[in-house]
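# Observations on the model geometry
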Amino acid sequence: MQNPYQAPESELDNTPPTYSPHVSWKIVFFVLFPLELYSQYTAFTDNTSGPPFWWLVISLIVSSLFYLVLFGLAFAKRIGFEQLWIFFIPVLVLIDIFEFSLLASNLYQFGWAVGLAMAASASIILLSWYVVYKYQTVMKYFG
């Protein structure tokens, strides 16, 4: 019989938890990254009536930072520091809202396709915000 006045023995380990990425983040990275490369390529090569060149450069920089975050989340790599990604979230939100409004203003003539395009764009935008948020929260658990 165990002594009721003695503390029980604990098998707890004092090692901090580590982050192990789920395979779904790798799939998202390998699906979205080639699509973004193609999108950026067509934006720079076929810019007949699109946004100005300076906006394309800003979009390239912001999307490159996003794919650094997605790479870090998919492969558990520490890139930058937590506060950088906390400050990056509002920048990403503002850029996405502006580009979403540009998309909405350009699609008004297509009728029913507008709703479909807006829903697809909104889901990708919300996913990108979640990726940056998730990365900055799990960054402290990288080995």
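Calculation notes
Residues numbered from 1 in each chain as written. Predicted model: local features only at pLDDT ≥ 70, side-chain atom pairs only at ≥ 80, totals over all residues. Heavy atoms only, no water. Helix = DSSP H or I, 4+ residues; strand = E, 2+ residues; numbered from the N terminus. Buried < 20%, exposed > 50% of the residue type's maximum accessible area, 1.4 Å probe, protein only. Contact = heavy atoms within 4.5 Å. Patch = residues over 30% accessible without salt bridge, like charges linked within 9 Å, V, L, I, M, F, W, Y side chains within 5 Å. Areas by Shrake-Rupley, 256 points an atom, 1.4 Å probe, with all protein chains shown as cover. Salt bridge = Lys/Arg side-chain N within 4 Å of Asp/Glu carboxyl O. Lys, Arg positive; Asp, Glu negative; His and termini not counted. Phe/Tyr/Trp six-rings, centres within 6.5 Å; stacked < 30°, edge-to-face > 60°. Expected span 1.5 Å × (residues − 1). Axes fitted to C-alpha atoms, helices over the stretch in contact; angles between N-to-C directions. Parallel < 35°, antiparallel > 145°, perpendicular 65-115°, else oblique. Left-handed = near helix turned anticlockwise from the far one by under 90°.

## Examining the overall build of the chain
A count of helices and strands for the chain gives four helices and zero strands. A burial count over the chain gives 24% of its 143 residues as buried. Long-range contacts, defined here as pairs at least 24 residues apart, represent 73% of the contacts in the chain between residues at least 6 apart.

## A closer look at a nonpolar patch on the surface
On the surface, V23, I27, V31 and L35 cluster together into a nonpolar patch covering about 370 Å² of accessible area. In this fold, V23 is placed in helix α1 (residues 23-45).

## With respect to the side chain of D96
For D96, the position within the fold is in helix α3 (residues 82-106). For D96, which is buried and forms no salt bridge, the nearest opposite charge comes from K134, at a distance of 19 Å.

## Details of the packing of aromatic side chains
A ring pair, where both rings are aromatic, is described by two values, the distance of the centres and the angle of the planes. Taken as a whole, this structure holds 14 aromatic pairs when the rule is applied. With 6.0 Å between their ring centres and 75 degrees between their planes, F30 and F75 make a pair best called edge-to-face. Remark: F75 occurs in helix α2 (residues 53-75) and F30 occurs in helix α1; sequence separation between them is 45 residues. For F75, a relative accessible area of 25% corresponds to the partly exposed category. A ring pair is formed by F66 and Y67, whose centres lie 4.9 Å apart and whose planes are at 75 degrees; its orientation type is edge-to-face. Site record: aromatic cluster; members linked through ring pairs are F29, F30, F33, F66, Y67, F71 and F75.

## Looking at α1
The first and last C-alpha atoms of α1 sit 34 Å apart over 23 residues, in line with the 33 Å expected at 1.5 Å per residue. Of the residues making up α1, those classed as buried are W25, F29, L32, E36 and Q40.

## Here we look at α2
Compared with an ideal rise of 1.5 Å per residue, which puts 23 residues at 33 Å, α2 spans 33 Å between its outermost C-alpha atoms and is within 8% of the ideal. Those residues of α2 lying buried are W55, L56, S59, V62, S63, F66, Y67, V69, L70, G72, L73 and A74. One or two positions beyond α2, positive phi appears at A76, with a value near 55 degrees.

## A closer look at the packing of α1 against α2
Relative to each other, α1 and α2 sit at 165 degrees, their axes nearing to 10 Å. Of the possible angle classes, the one that applies to α1 and α2 is roughly antiparallel. The two elements α1 and α2 cross, and the hand of that crossing is left-handed. Counted together, W25, K26, V28, F29, F30, L32, F33, E36, Q40, A43 and F44 of α1 and F53, L56, V57, S59, L60, S63, Y67, L70, F71, L73, A74 and F75 of α2 form the full contact between these two elements.

## Quick word on the environment of Y67
Take Y67: it is sitting in helix α2. When the C-alpha positions of Y67 and V132 are compared, they lie 9.6 Å apart, and in sequence the two are 65 residues distant. Look past the residues within four positions of Y67 in its chain and what remains in contact with it is F29, L32, F33 and E36.

## Here we look at the environment of T18
Along the chain, T18 turns up in the segment before α1. Take T18: its relative accessible area is 61%, and that puts it in the exposed class. Sequence spacing of T18 and A76 is 58 residues, and the spatial spacing of their C-alpha atoms is 9.5 Å.

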